[in-house]
Amino acid sequence: MCSILGILDIRRSLLAGEPDKSALRAEVLARSRRQRHRGPDWSGVYEDERTILAHERLAIVDPAGGAQPICGREAGDTAPAVLAVNGEIYNHLELERAHAPGYPFRTGSDCEVILALYEQMQPGALARSLNGIFAFVLWDPARDRYLVARDPIGVMPLYWGRDSEGRRVVASEMKALHDLCDEFEIFPPGHVYDSADDSLMRYYDPPWRHQVPAGIADEDEAVAALTETLEAAVTRQLMCDVPYGALLSGGLDSSVIAALAARHAARRVEAGEAEPAWFPRLHTFSVGLEGSPDVKAAGIVAEHIGSVHHAFTYTIQEGLDALDDVIRHLETFDVTTIRASTPMFLMARRIKAMGVKMVLSGEGADEMFGGYLYFHKAPNADEFHYETVRKLDALHQFDCLRANKSMAAWGVEARVPFLDNEMLDVAMRIDPRLKMTGEGRMEKYLLRRAFAHLLPDEITWRQKEQFSDGVGYGWIDALRDHAAARVGDADLAAAEERFPVHPPQTKEAYLYRSMFVAHFPEAAAVATVPGGKSIACSSPAALAWDPEFASRADPSGRSVAGVHRAAE
């Protein structure tokens, strides 16, 4: 986890002469400082006549030598390409062996391989070859060309826009550019921009995004493929030279990830598991109100897998006090996201205090396997599948944003093995009929069956709890009461007048929107947040499955009538 900030297309003004580069550099440094929570370990800056790149580093791989921006290979008088990355490239050793056996690498960084690939590949092929979570800017002064790219699902955040001088500005978080650019937006996941021909290309567009798959139609085959692929993904993502851990809510997804990590924690991934790990004991972390169902379940899992477990509790008042900071860091006013992000934000601070810099997390499984309770209402396999695709396409604005920015607020990196490239490919090629509920099958039945051997039965067959519910049902109720005390009936009645774009439908939504615009008042900032009702399943197709749910403005999973069973 790091941050990047780039100002590109710097050109000499025909009227004012040479621009004041010292002032511009100072501006970049000041704005990069707004993102330093993402990378508190070191700061780096590259500058030439056309470009300034700033990097705030969270040192996880090669802490001693992997500082950025990184310069590429020098060739005579030709200026080398320069790279600034926020992310991790899990298959970098494989790529180095296959495509860059003679490349003079300067560091042990997993990201430097991008510079070697740039010499050989077109931008789309380069981005497709990377298995990782990333957002990067690559500047090639010799060709007067730059690339901007983001990982397939958008685990790593990225924004871009143009300032009043027409310069391109790229940043990891909106807070670094929102009051500099006249217009700005989210850089789309799975895309690469090439300034050479001013093209924005979708490089990640697998067939399952457009058609219902039937590649794996046998249940036993699907279970075997999931077992093998997810374990390989978790192992890859243990690539780390610093203390790490796993988030453990006690739900199925995080429990599977933690159990797999515990199996491989003793051996060092970067050495092909041929030598002992530097930090061989897995630490796991949970958070909740006193007596929350998640904290209880997480303790059961931790004892079963033998992790060193840390159960953090928070009070409702501590959560309420953090709301403004959460919204400033998350850069959203989405109700579901803020509810879930607040306890995660508080937990991240405690994790950081323990010296841990990376955690594995369980995001993505619900989207791939239809784990949300409203998927019980899906009328057929085709609609079920296209709703999972829609959920994945929107994930960068919801759960990925929550996990990344909640952790990054305190300099902790969240990795998401379910969203590994190979895992995505396998999971989304499964015939959706095998993923559907019914005839005694729970949501995510395939995943439960694939990893039942690693977990206690009471965890394997525990029903889905949204994170904001599982930390303790009193949390959501307290948020509603808090908003009701601060937003009057007249305020809500006039919400459309004050907020004509995506007007809030509840007092809780009104409160979050008010906090958001205090930090990000621009219309462009509002446009980065999904509109309409803040419901976790707010697509027209999904709402049509359950007309009663369509009329509700409450995003809690408890709202799915006839499906949710309250945890004990």
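Residues numbered from 1 in each chain as written. Predicted model: local features only at pLDDT ≥ 70, side-chain atom pairs only at ≥ 80, totals over all residues. Heavy atoms only, no water.

Colleague: A description of the packing of aromatic side chains should follow, citing residues and the corresponding values.
Modeller: The tally for this structure, following the rule as stated, stands at 18 aromatic pairs. Taken together, the aromatic side chains of Tyr-372, Tyr-374, Phe-375, Phe-384 and Trp-545 make up a single cluster linked through ring pairs. In this arrangement the basic side chain of Arg-168 is found over the ring face of Tyr-193, its NZ or CZ atom lying 5.0 Å from the centre. The ring of Trp-278 carries Arg-268 above its face, with NZ or CZ at 4.1 Å from the centroid. (Phe/Tyr/Trp six-rings, centres within 6.5 Å; stacked < 30°, edge-to-face > 60°. Lys NZ or Arg CZ within 6 Å of the ring centre and 35° of its normal.)

Colleague: Tell me what's going on with the pairing of strand S1 (residues 3-8), and back it up with residues and numbers.
Modeller: Put simply, side chains in a regular strand alternate between the two faces of the sheet. The element S1 is largely enclosed, with a buried count of six among its six residues. Burial of the side chains of S1 extends over both faces: Ser-3, Leu-5 and Ile-7 are buried on one face and Ile-4, Gly-6 and Leu-8 on the other. In this sheet, strand S3 (residues 52-57) lies alongside S1 in antiparallel orientation, the contact comprising five bridges. Considered in S3, the bridge of Gly-6 is made with Leu-53. Across four bridges, the pairing between S1 and strand S9 (residues 168-171) is antiparallel. Bridge assignment links Leu-8 to a residue of S9, and that residue is Arg-168. (Buried < 20%, exposed > 50% of the residue type's maximum accessible area, 1.4 Å probe, protein only. Helix = DSSP H or I, 4+ residues; strand = E, 2+ residues; numbered from the N terminus. Pairing = 2+ DSSP bridges.)

Colleague: With reference to specific residues and values, describe helix H17 (residues 473-486).
Modeller: The end-to-end C-alpha separation of H17 is 21 Å, in line with the 20 Å expected for 14 residues at 1.5 Å each. Burial in H17 covers these residues: Tyr-473, Trp-475, Ile-476, Ala-478, Leu-479, His-482 and Ala-483. (Expected span 1.5 Å × (residues − 1).)

Colleague: Account for helix H11 (residues 381-394), with residues named and values stated.
Modeller: The terminal C-alpha atoms of H11 lie 20 Å apart, and with 14 residues this matches the ideal 20 Å at 1.5 Å per residue to within 8%. Ala-381, Phe-384, His-385, Glu-387, Thr-388, Val-389, Lys-391, Leu-392 and Ala-394 are the residues of H11 that are buried. Structurally, the start of H11 carries an N-cap: the backbone nitrogen of Asp-382 is 3.2 Å from a side-chain oxygen of Asn-380. (Polar contact = N/O pair within 3.5 Å; in protein donor to acceptor, adjacent residues only side chain to side chain.)

Colleague: Before we move on, could you go through the sheet that holds strand S10 (residues 181-186) and cite the residues and values that matter?
Modeller: With antiparallel pairing, the six strands of this open sheet are ordered in space as S2-S3-S1-S9-S8-S10. With one partner strand each, in any of the chains shown, strand S2 (42-47) and S10 form the two edges of the open sheet. For this sheet the average axis-to-axis angle between neighbouring strands, irrespective of direction, equals 10°. Lying on the sheet, helix H1 (residues 21-33) is in contact with S1, S2 and S3; it crosses S3 at an angle near 25°. (Axes fitted to C-alpha atoms, helices over the stretch in contact; angles between N-to-C directions. Contact = heavy atoms within 4.5 Å.)

Colleague: Residue-level account of the confidence of the model for the protein chain, with values.
Modeller: Regions with low pLDDT carry predicted coordinates that are not meant to be interpreted in detail. Mean pLDDT over the protein chain works out to 91, with 91% of the residues at or above the 70 mark. In this model residues 13-17 is a low-confidence stretch, pLDDT under 50, and it forms two contacts with partners more than four residues away in sequence or in other chains. Every residue in residues 532-538 scores below 50 in pLDDT, and together they form 29 contacts with partners more than four places removed in sequence or on other chains. (pLDDT = per-residue confidence, 0-100.)

Colleague: I'd love a proper account of the pairing of strand S14 (residues 283-288), names of residues and values included.
Modeller: Among the six residues in S14, five count as buried, and that is most of the element. Summarising the sheet, strand S13 (residues 244-247) and S14 pair through three bridges and their orientation is parallel. Bridge pairing in S14 places Ala-246 opposite Thr-284. On the question of chirality, the crossover connecting S13 to the parallel S14 by way of helix H6 (residues 252-264) is right-handed. (Right-handed = clockwise from strand over helix to strand, strands pointing away.)

Colleague: Explain the side chain of Ser-255 to me, using residue names and the numbers behind them.
Modeller: Looking at the secondary structure, you find Ser-255 in helix H6. Excluding residues within four positions of it along the chain, Ser-255 makes contact with Leu-248, Gly-250, Val-301, Leu-455 and Ile-459.

Colleague: Lay out the environment of Tyr-203 with the relevant residues and their values.
Modeller: Relative to the helices and strands, Tyr-203 is located in the loop between strand S12 (199-202) and helix H5 (219-236). Residue class for Tyr-203 comes out buried when judged on its relative accessible area of 4%. In the structure, Tyr-203 is positioned 125 residues away from Arg-328 in sequence and 31 Å away in space, judged by C-alpha atoms.

Colleague: So what's going on with the sheet that holds strand S6 (residues 132-140)? Residues and values would help.
Modeller: With respect to topology, six strands assemble into an open sheet ordered S4-S5-S6-S7-S11-S12, the strand pairing being antiparallel. At either margin of the open sheet sits one strand with a lone partner, and together these are strand S4 (70-71) and S12. Looking at chain direction, S6 and strand S7 (residues 145-150) are connected through six bridges and run antiparallel. Counted as the bridge partner of Phe-136 is Ala-149 from S7.

Colleague: Describe unusual backbone geometry, with residues and values.
Modeller: The residue after Gln-68, namely Pro-69, is reached through a cis peptide bond having omega 0°. Locating Pro-69 in the fold gives a position in the loop between S3 and S4. The phi dihedral of Asp-198 is positive, around 55°, even though this residue is not glycine. Within the fold, Asp-198 resides in the loop between strand S11 (191-194) and S12. Unlike most non-glycine residues, Glu-331 shows phi in positive territory, near 60°. For Glu-331, the location among the structural elements is in the loop between helix H8 (316-330) and helix H9 (335-353). On the basis of relative accessible area, Glu-331 is assigned to the buried category, the value being 1%.

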